[in-house]
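If you want the building blocks of each chain, they are given just below.
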Amino acid sequence: MTVLPDVHTDRHPLTAEGSVELAVLDRNGFDESRHVGAGVVVTADGTVIDAVGDVHASVYPRSTMKPFQALAVRRAGAVFSDEELVLTTASHAGTPAHQALALHMLESYDHVEADLGCPPDLPFDRATARTMAEPRRLAMNCSGKHAGMLAACRVNGWDAATYLEMTHPLQQRVRETVEEFTHETVDVVGTDGCGAPVFPLTLAGLARGFAGVVARAESDTAALTDAVLDHPWAIDGIGRANTVTIERLRVLAKLGAEGVMVMGLPGGAAVAVKTLDGAQRSGTLAALTLLERNGIVDAAGVADVMAATGEQVLGGGVPVGTLRAGAGLR
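Conventions used here
- Residues numbered from 1 in each chain as written.
- Predicted model: local features only at pLDDT ≥ 70, side-chain atom pairs only at ≥ 80, totals over all residues.
- Heavy atoms only, no water.
- Pairing = 2+ DSSP bridges.
- Helix = DSSP H or I, 4+ residues; strand = E, 2+ residues; numbered from the N terminus.
- Buried < 20%, exposed > 50% of the residue type's maximum accessible area, 1.4 Å probe, protein only.
- Expected span 1.5 Å × (residues − 1).
- Arc of directions from axis to C-beta.
- Contact = heavy atoms within 4.5 Å.
- Salt bridge = Lys/Arg side-chain N within 4 Å of Asp/Glu carboxyl O.
- Core = buried A, V, L, I, M, F, W, Y, C linked by side-chain atoms within 4.5 Å.
- Polar contact = N/O pair within 3.5 Å; in protein donor to acceptor, adjacent residues only side chain to side chain.

Enquirer: Tell me what's going on with the pairing of strand β13 (residues 318-325), and back it up with residues and numbers.
Expert: With five bridges joining them, strand β2 (residues 20-27) and β13 adopt antiparallel strand pairing. Bridging across to β13, Asp26 finds its partner in Thr322. Between strand β12 (residues 313-315) and β13, which pair antiparallel in sequence order, lie two residues; one of them, Gly316, sits at a positive phi of approximately 65°.

Enquirer: Describe in detail unusual backbone geometry, supporting the description with residues and values.
Expert: At Asn28, a residue that is not glycine, the phi angle is positive and equals roughly 55°. If you trace the backbone, Asn28 turns up in the loop between β2 and β3 (30-42). For Asn28, a relative accessible area of 60% gives the class exposed. Even without being glycine, Arg216 reaches a positive phi, approximately 60°. By the element assignment, Arg216 lies in the loop between α7 (203-214) and α8 (219-230).

Enquirer: Go over helix α3 (residues 96-108) with me, naming the residues and quoting the values.
Expert: Note that an α-helix has 3.6 residues per turn; residues three or four places apart therefore point the same way. Taking 1.5 Å per residue, 13 residues should reach 18 Å; α3 reaches 18 Å between its end C-alpha atoms and fits that length. When α3 is considered as a whole, its buried residues turn out to be His98, Gln99, Leu101, Ala102, Met105 and Leu106. An end-on view of α3 places all buried positions within 160° of arc, on one side of the element. Where α3 is buried, its residues contact α2 (82-88), α4 (126-130) and α5 (143-156).

Enquirer: Please give an account of the side chain of Thr284 that cites residues and values.
Expert: Its location among the elements puts Thr284 in helix α10 (residues 283-293). Each residue touching Thr284, except ones within four places of it in the same chain, is listed here: Ala241, Thr245, Met261, Met263, Val305 and Met306.

Enquirer: Outline the pattern of salt bridges, supporting the account with residue identities and numerical values.
Expert: Inspection of every chain in the model, using the stated rule, returns 17 salt bridges. Where Glu180 meets Arg75, a salt bridge forms, and the shortest distance between an N and an O atom there is 2.7 Å. Of the two residues, Glu180 is situated in helix α6 (residues 169-182) and Arg75 in helix α1 (residues 66-75); the sequence distance between them amounts to 105 residues. If you follow the salt bridges from partner to partner, you end up with Glu21, Asp26, Asp31, Arg34 and Arg324 in one network.

Enquirer: Quick one: what's the story with the nonpolar core, residue by residue and with numbers?
Expert: Ranked by internal contacts, the top residues of the largest apolar core, which has 70 residues, are Val40 and Val178. Ranked by the residues each element gives to this core, the list is headed by α7, at eight residues. Judged by nonpolar contacts, the second largest core, of 29 residues, contains Val244, Leu249, Val313 and Leu323.

Enquirer: I'd love a proper account of the environment of Asp236, names of residues and values included.
Expert: Relative to the helices and strands, Asp236 resides in the loop between α8 and α9 (241-249). Between the C-alpha atom of Asp236 and that of Ser91, which follows or precedes it by 145 residues, the distance is 5.7 Å. Here Asp236 is in contact with Ser91, His92, Ala93, His98, Ala241, Asn242, Thr243 and Leu255, once residues within four sequence places are set aside. Polar side-chain contacts of Asp236 include one of 2.5 Å to the side chain of Arg240.

Below is the structure:
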């Protein structure tokens, strides 16, 4: 077994050469698409127990960085109800319930929708999107995170107009939180889709950091973990993959754009996966397969979640294929 380094100094991106086959989609028994990438499983203390591909390659964690951002907001003194706390770490579906919760978070700290720094968007939830005349900031999947950041600014008297700048005190708190949990030095800063700073991390470091969050070792991580377990609808949406994984397996799941996925068992192991081509459909399958082959979840549970959430392969409206774990996970 390998213990993760305290500081990562050889930052390099994930490549095709550093990837293995994570998932295969077949149509009528003939393989149509393949997704490659890398994944790692760590114990609660950050020890690597399973790795496929180059897990010391760095990736933008995208929305899998939200748990660290949510902790920075909470530690800065922004207090929310449990459901609102979940929304600070969510990539939510933008249903009316999600939007109403985000609006209440804003109003609780004397902010309005226009104060949100995230761009207007249509929600992930198609039914809700069809009812909207135009995109809005509240419907953007990161609106809860941004509402939380604005609340932290209000509590501390920080400038709300510049809260997304890396020099802002809040973003410095986020940086410190990321470094604390991942044991990696932040040496590159990018801009996420919502406008917030995002930092490349190794897959191993990302898994280590998420394991630290779900370890529930202190009051803030315990509060965040327990809130997600109690209100999984808020982190994603009813019937959506992260929510179903949490509901049925009691495993915390958090997706990120461009094919990133983290999952963690409260007080136990965590997994981080990156699909090289950015495909979202392989993340849940790959992460659960890695957990299952290490005895952390059972095969029946994985099959149950995938049956409920996996992408359907249809021909003329009829199922004609499947998405299965790739050779790199067998």
